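Per-entry structural report
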Amino acid sequence: GNSRIDESSILGPTTLYQVFAEVAYGGSFTGAAQRLGLSRASASKHVSQLEQLMGARLFARTTKQVSMTPAGNALLREGEGLLLQYGIDSDATCK
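Residues numbered from 1 in each chain as written. Predicted model: local features only at pLDDT ≥ 70, side-chain atom pairs only at ≥ 80, totals over all residues. Heavy atoms only, no water.

Observations regarding the environment of Ser 42
For Ser 42, the location among the structural elements is in helix 3 (residues 40-54). Classification of Ser 42 as buried rests on a relative accessible area of 11%. As for Ser 42 and Val 19, which are separated by 23 residues in sequence, their C-alpha atoms are 9.7 Å apart. (Helix = DSSP H or I, 4+ residues; strand = E, 2+ residues; numbered from the N terminus. Buried < 20%, exposed > 50% of the residue type's maximum accessible area, 1.4 Å probe, protein only.)

Next up, the structure:
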């Protein structure tokens, strides 16, 4: 069985979280995308997938800036532990 994932498939929660954290710390999708070697659209899509997964909005997006929602702040604070709490195995992508 070939277990490679292509760009269009849903990425592991840890990858999504990594993109989220970059955006959170940098305050911009563009900057996060550049640091991670992604397109801005791709970075935005990753965060949207994470938001769907968590069932909450993580950023309040305006044309000028990106600000954290309470859910986003909580996720940043709790980090990996919160992913585990949602029943997502963060080690699955590391083995």
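Quick notes on the pattern of salt bridges
In the structure shown here, the tally under the stated rule is three salt bridges. We note a salt bridge from Glu 22 to Arg 35, for which the minimum N-O separation is 2.5 Å. Here Glu 22, found in helix 1 (residues 13-26), pairs with Arg 35, found in helix 2 (residues 29-36); they are 13 residues apart in sequence, far enough to count as distant. Classification of Glu 22 by relative accessible area gives partly exposed; the value is 24%. For Arg 35, a relative accessible area of 48% corresponds to the partly exposed category. Overlapping salt bridges, with partners in common, bring together Glu 51, Arg 57 and Arg 61 in one network. (Salt bridge = Lys/Arg side-chain N within 4 Å of Asp/Glu carboxyl O.)

Side note on the environment of Pro 70
Inspection of the secondary structure puts Pro 70 in helix 4 (residues 70-78). What makes Pro 70 exposed here is its relative accessible area of 72%. Along the chain, Pro 70 and Arg 57 lie 13 residues apart, while their C-alpha atoms are 8.8 Å from each other.

Digging into helix 3
Here helix 3 is 15 residues long and its end C-alpha atoms lie 21 Å apart, about the 21 Å a rise of 1.5 Å per residue gives. For helix 3, the full list of buried residues reads Ser 42, Ala 43, Ser 44, His 46, Val 47, Gln 49, Leu 50, Glu 51 and Met 54. At the C-terminal side of helix 3, Gly 55 shows a positive phi close to 70 degrees. (Expected span 1.5 Å × (residues − 1).)

Section: the packing of aromatic side chains
One pass over the full model with this rule turns up three aromatic pairs. Aromatic pair Tyr 17 and Phe 20: ring centres 5.8 Å apart, planes at 45 degrees, arrangement tilted. Of this pair, Tyr 17 and Phe 20 both sit in helix 1, separated by three residues, roughly a single helical turn. Under the relative-accessibility criterion, Tyr 17 is labelled buried at 12%. Between Phe 29 and Phe 59, the ring centres sit 5.8 Å apart and the planes meet at 70 degrees, which makes this aromatic pair edge-to-face. Note that Phe 29 is positioned in helix 2 and Phe 59 in strand 1 (residues 59-61), a separation of 30 residues in sequence. The same class applies to Phe 29 as to Phe 59, namely buried. Here the aromatic cluster, defined as three or more aromatic residues joined through ring pairs, consists of Tyr 17, Phe 20, Phe 29 and Phe 59. (Phe/Tyr/Trp six-rings, centres within 6.5 Å; stacked < 30°, edge-to-face > 60°.)

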